[in-house]
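Coordinate inspection notes
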Amino acid sequence: MESVSNTPEEASASIDCDGNTDTFEKVKSKRSHKRKRDAMETETLAAKRPQFPALSGDQLTGGAAEMRKVPVPPHRYTPLKENWMKIFTPIVEHLRLQVRFNLKTRHVEIKTCRETSDVGALTRAADFVKAFTLGFQVEDALALIRLDELFLETFDVTDVKPLKGDHLSRAIGRIAGKGGKTKFTIENVTKTRIVLADSKVHILGSFQNIKMARTAICNLILGSPPSKVYGNIRAVASRSAERF
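Thresholds applied
Every residue gets a number counted from 1 within its own chain, in the order that chain's sequence is written. Confidence filtering applies because this is a predicted model: local features only for residues at pLDDT of at least 70, side-chain atom pairs given and counted only at 80 or more, and all residues used for totals across whole chains, interfaces and linings. No hydrogens and no water enter the side-chain calculation; it runs on all heavy atoms of the structure. Strands were regarded as paired on the criterion that DSSP finds at least two bridges between them. Segments assigned H or I by DSSP are reported as helices when at least four residues long, segments assigned E as strands when at least two residues long, and all are numbered from the N terminus. Between N-to-C directions, angles span 0 to 180 degrees; the directions come from axes that are lines fitted to C-alpha atoms, helices contributing only their stretch in contact. Whether two residues touch is decided by their heavy atoms; if any such pair falls within 4.5 Å, the residues are in contact. The term nonpolar core refers to a set of buried residues drawn from Ala, Val, Leu, Ile, Met, Phe, Trp, Tyr and Cys, joined through side-chain atoms within 4.5 Å. To sort residues, take the accessible area from a 1.4 Å probe on protein chains only and compare it with the maximum for the residue type: under 20% means buried, over 50% means exposed, and anything in between is partly exposed. Nitrogen and oxygen atoms within 3.5 Å of one another constitute a polar contact, given that in protein one can donate a hydrogen and the other can accept it, and given that sequence-neighbouring residues count only through two side-chain atoms. Take a side-chain nitrogen of Lys or Arg and a carboxyl oxygen of Asp or Glu: if they are within 4 Å of each other, that pair is a salt bridge.

**A short note on the sheet that holds strand β8 (residues 200-205)**
- In spatial order, the strands read β6-β8-β7; together these three strands make up an open sheet with antiparallel pairing. The open sheet is flanked by β6 (151-156) and β7 (193-197), the only strands paired with a single partner. Taking each pair of neighbouring strands and ignoring which way they run, the sheet shows an average axis angle of 15 degrees.
- Inspection of the sheet shows β7 paired to β8 by five bridges, in the antiparallel sense. The partner of Leu196 across the bridge, within β8, is Val201.

**Notes on the side chain of Asn83**
- With respect to the helices and strands, the residue Asn83 is situated in the loop between α4 (77-82) and α5 (84-94).
- Here Asn83 is in contact with Phe132 and Val138, once residues within four sequence places are set aside.

**A word on the sheet that holds strand β5 (residues 107-111)**
- As summarised here, the arrangement of the three strands in space is β3-β5-β4, forming an open sheet in which the pairing is antiparallel. Strands at the two margins of the open sheet, each flanked by one partner only, are β3 (67-71) and β4 (98-102). Ignoring which end each strand starts from, the neighbouring axes of this sheet average 20 degrees apart.
- Judged from the five bridges that link them, β4 and β5 form a sheet pairing that is antiparallel. Bridge assignment links Arg100 to a residue of β5, and that residue is Glu109.
- Each of β4 and β5 touches α5; the most contacted strand, β4, lies at about 150 degrees to it.
- Relative to β3, helix α6 (residues 121-134) is tilted by about 5 degrees, and along the sheet it contacts β3 and β5.

**Looking at the nonpolar core**
- The biggest cluster of nonpolar side chains holds 27 residues, and the ones touching the most others in it are Ile87, Ile91, Leu97, Val108, Ile110, Phe128 and Val129.
- Counting residues per element, the ones that place at least two in this core are α5, β5, α6, α7 (138-141) and α8 (143-146).
- The leading source of residues in this core is α6, at eight residues.
- Not counting chain neighbours up to four residues away, the residues in contact with Phe128 comprise Lys86, Ile87, Pro90, Ile91, Val138, Ala141, Leu142, Leu144 and Ile145.
- By size, the runner-up hydrophobic cluster in this structure holds 19 residues, among which are Ala171, Ile194, Val201 and Ala216.

**Structural notes on the environment of His107**
- Checked against the element boundaries, His107 lands in strand β5.
- With a relative accessible area of 23%, His107 lands in the partly exposed category.
- Counting along the chain gives 35 residues from His107 to Val72, while the straight-line C-alpha distance between them is 5.7 Å.
- Once you skip the residues sitting within four places of it in the chain, His107 turns out to touch Lys69, Val70, Pro71, Arg100, Phe101 and Asn102.
- At 2.6 Å, the side chain of His107 forms a polar contact with the backbone oxygen of Thr105.

**Looking at the pattern of salt bridges**
- For the structure shown, the criterion picks out seven salt bridges.
- Its salt-bridge partner being Lys86, residue Glu139 comes within 3.7 Å of it at the nearest N-O pair. Separated by 53 residues along the polypeptide, Glu139 in helix α7 and Lys86 in helix α5 bring together distant segments of the chain.
- Of the charged contacts in the structure, one is a salt bridge between Asp140 and Arg193, with a shortest N-O distance of 3.5 Å. With Asp140 in helix α7 and Arg193 in strand β7, this pair connects stretches of sequence that are 53 residues apart.

**Describing the side chain of Thr185**
- Here Thr185 shows up in helix α11 (residues 181-190).
- The class for Thr185 is buried, based on a relative accessible area of 15%.
- Only 2.8 Å separates the side chain of Thr185 from the backbone oxygen of Lys181, close enough to count as a polar contact.
- Excluding residues within four positions of it along the chain, Thr185 makes contact with Tyr230 and Arg234.

The structure is reproduced here in structure tokens:
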């Protein structure tokens, strides 16, 4: 009876048909080798990844001051003077910007300074002042500073349909409604703010709400009765509320 070898050296030997004895070498698994290599590469990349500190607004602009100029139409001089402190306070105290009204050029000039930390503060302040000059109340325009997802959109009634004379006046009247009822209803349902300035229509709100308000106003310009427009915007508003 042959003896069975239990030692690793004897177990690693094999005898072929000719009686030759060869030793097997343990082959490393390619998969485990690949995992180790990937882990080493990941550790190397993590070690070499640079860590940059956050830059301030002054450093991003290279130390150069930026300026925006917002023109003020003549009919908004008096409201601007009466509400100047309401406009001045959030721009200077909250956004850390410099602001002044240039009497020669009739522009509101907004400028960055070293205390400005937010890069987008200048754009927000310019949109805020622009909204006020278009006819929005200061409280409504102030939402452009506080919220990120608010926009301004302006279009002309004649862009929707080329109207002249009394036809144009009636279209504007349909948008406003008796005592402003139609405009207020569209504002409340779509959660927007609308300003009618001659044949210009200015809408302040989020992108989706502006789209609903614009569709309703365009339908009124094209001749749809207000009752039908109310039903359409209420249906769209309810569907969007269910979606979110």
